[in-house]
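Residue strings, one per chain:
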Amino acid sequence: MNTDYSLCTTAGRCAIVGSMATTKTIELRTEIPGPRSREILERKERVVADPLSIYLELVIERGRGATITDVDGNTFIDFTGGVGCLNVGHSHPRVVEAAQEQLERFSHTDFTIIPYETYVTLAERLCDLAPIENAKAGFFNAGTEAVENAIKFARAYTARPAVIGFEGGFHGRTLLSLSLTSKTHPYKAGLGPFAPEVYRVPFPNDYRGPDWKTALEALERALVTQVAAETVAAIVIEPVQGEGGFVVAPQEFMDGVRRLCDEHGIVMVVDEVQTGFGRTGKMFAIEHYGVEPDLITVAKSIAMGLPLSGVIGKAEIMDAPGDSAIGGTYVGNPVAQAAALAVLDVIGEEDLCARASVLGETMRARMESWQERFPQIGDVRGLGAMLAVELVRDPATKEPDADIATAIVEEAARNGLLLLKSGIYSNCIRVLSPLTLTDAELDEALGVWEQAVETALTA
Ligand SMILES: Cc1ncc(COP(=O)(O)O)c(C=O)c1O
């Protein structure tokens, strides 16, 4: 079991919340985990490898929109959003229908053996949406694979080996992406050696420092002290660091990275795996900056959680690797791609980018009101509906407080709101709720969160 976070709810509290919430979305019928969840989790302990530890001790029966109902009949509001895969919500009917229809027609060929139109149509639509002139696309399965392939495109194009990433960055868990990922525990410790020619520099952080100028100077200095600029294939940057705690890159820093890439012929890779598909109020977060990247990596919300990822980029870079140097048996699965086309329709028709901005404004105002009351909320930050609060023991020292973040998450879960932590110190709580969340659900969720903050911080 994951000792960092587990749910141990008393039946008494659930009964109280359940009776209060009869007209609301949240409905808690049993203690959590309920008996059926507990039984499945016990079976899991016997047959599933321990590293696949469980963050929330409840077993899902079904998801709809912004809610999850567990196998014991408890209904929660889900702000974990499948770790950012569910911008259109759980099992959006349009997406379900598209995936089902495709599954009935055919499930797999390998696009490079027998091609299908869905792949081409999705490439057309994403190349059209991405803020890159004359773009081409390639599809993969997971975010990590998109990042690894972006580096392959960049290396083939530049004929250079090195890659630069940032402290606090997260890019995946396979060898090259894990080498770029910047959090030792739990992701890297004991799993080396890592891929060579990966360099890391500080990421600007308005709350903890460094400021953008200092960070940019560090990047420029790294090209003198660590790795020759003419050997760098790519700089990989998240516009808003996801696992790093929703740290937003300042405009000046993004401009500076673009300038350095231009000066030295380096491929600028923007990792939008977590920021993409409307989360920040734009289809891609990089659109907030007016900066044209060379490559964009996408995954997560692209297909409502079906395994699909992609790289979209300048045609000359995407065309650089030799025939068959890019590919894989399952890459660009047609069922996931049919889902992705429906996801794009839903984002457009339901205006989910605008919705993300509105949700973000409401949430930020509420979070800032908590910050005024509780100095332990050191920072409120993010972009659109990609928002987080950072918990500290003391606002003066900014000493991270992961325990209090856990206490808030546990208290919220006990009362029917599922929250997710993040940050290099695991002391941030982030919002990855579906963007289809209704106003009533938002209000109810923020009420539960606020109560959890009060309970944890006044205990
Ligand atoms: C920015 C970013 N890049 C890459 C990844 C890796 O994606 P996946 O877990 O699908 O391999 C993640 C996952 O959280 C991510 O947030």
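Please read all numbers here as calculations on a predicted model, not as lab measurements. (Residues numbered from 1 in each chain as written. Predicted model: local features only at pLDDT ≥ 70, side-chain atom pairs only at ≥ 80, totals over all residues. Heavy atoms only, no water.)

Which residues make up helix 15 (residues 439-458), and what values go with them?
Here helix 15 is 20 residues long and its end C-alpha atoms lie 28 Å apart, about the 28 Å a rise of 1.5 Å per residue gives. Within the sequence span of helix 15, burial applies to Glu441, Leu442, Glu444, Ala445, Leu446, Val448, Trp449, Glu450, Ala452, Val453, Ala456 and Leu457. (Helix = DSSP H or I, 4+ residues; strand = E, 2+ residues; numbered from the N terminus. Expected span 1.5 Å × (residues − 1). Buried < 20%, exposed > 50% of the residue type's maximum accessible area, 1.4 Å probe, protein only.)

Before we move on, can you summarise the pattern of salt bridges with the specific residues and values?
Taken as a whole, this structure holds 26 salt bridges when the rule is applied. Here Asp345 and Arg125 are joined by a salt bridge, their closest N and O atoms 3.0 Å apart. Of this pair, Asp345 sits in helix 12 (residues 334-349) while Arg125 sits in helix 5 (residues 117-129), placing them 220 residues apart in sequence. The shortest N-O distance in the salt bridge between Arg430 and Glu243 comes to 2.8 Å. Note that Arg430 is positioned in strand 17 (residues 428-430) and Glu243 in the loop between strand 8 (240-241) and strand 9 (247-248), a separation of 187 residues in sequence. Several salt bridges share partner residues, and in doing so they unite Arg366, Arg373, Asp443, Glu450 and Glu454 into one network. (Salt bridge = Lys/Arg side-chain N within 4 Å of Asp/Glu carboxyl O.)

Pulling in residues and values, what's your account of the packing of aromatic side chains?
Per the stated rule, a full pass over the model turns up twelve aromatic pairs. Ring geometry for Phe166 against Phe203: centres 5.7 Å apart, planes inclined by 75°, an arrangement best described as edge-to-face. On the criterion of sequence distance, the pair formed by Phe166 in strand 5 (residues 162-166) and Phe203 in the loop between strand 6 (198-201) and helix 9 (212-225) is long-range, its members being 37 residues apart. A single burial state applies to Phe166 and to Phe203, both of which are buried. Site record: aromatic cluster; members linked through ring pairs are Phe106, Phe111, Tyr116, Tyr119 and Phe139. Positioned above the aromatic ring of Phe194 is the side chain of Lys188, whose terminal nitrogen or guanidinium carbon lies 4.8 Å from the ring centre. The ring of Tyr207 has Lys398 sitting right over it, with the charged end atom 4.6 Å from the ring centre. (Phe/Tyr/Trp six-rings, centres within 6.5 Å; stacked < 30°, edge-to-face > 60°. Lys NZ or Arg CZ within 6 Å of the ring centre and 35° of its normal.)

Break down the site of the ligand for me, citing the residues and quoting the values.
Near the ligand, the surroundings consist of Ala142, Gly143, Thr144, Phe170, His171, Gly172, Glu238, Glu243, Asp271, Val273, Gln274 and Lys300. Asp271 has a polar side-chain atom sitting 2.7 Å from a nitrogen atom of the ligand. A distance of 3.1 Å separates an oxygen atom of the ligand from a polar side-chain atom of Lys300. Protein contacts shield 85% of the accessible area of the ligand, which totals 390 Å² for the unbound molecule. When its residues are assigned to classes, the shell around the ligand shows three nonpolar, five polar and four charged. (Near = heavy atom within 4 Å. Polar contact = N/O pair within 3.5 Å; in protein donor to acceptor, adjacent residues only side chain to side chain. Areas by Shrake-Rupley, 256 points an atom, 1.4 Å probe, with all protein chains shown as cover. Nonpolar A, V, L, I, M, F, W, Y, C, P; charged D, E, K, R; others polar.)

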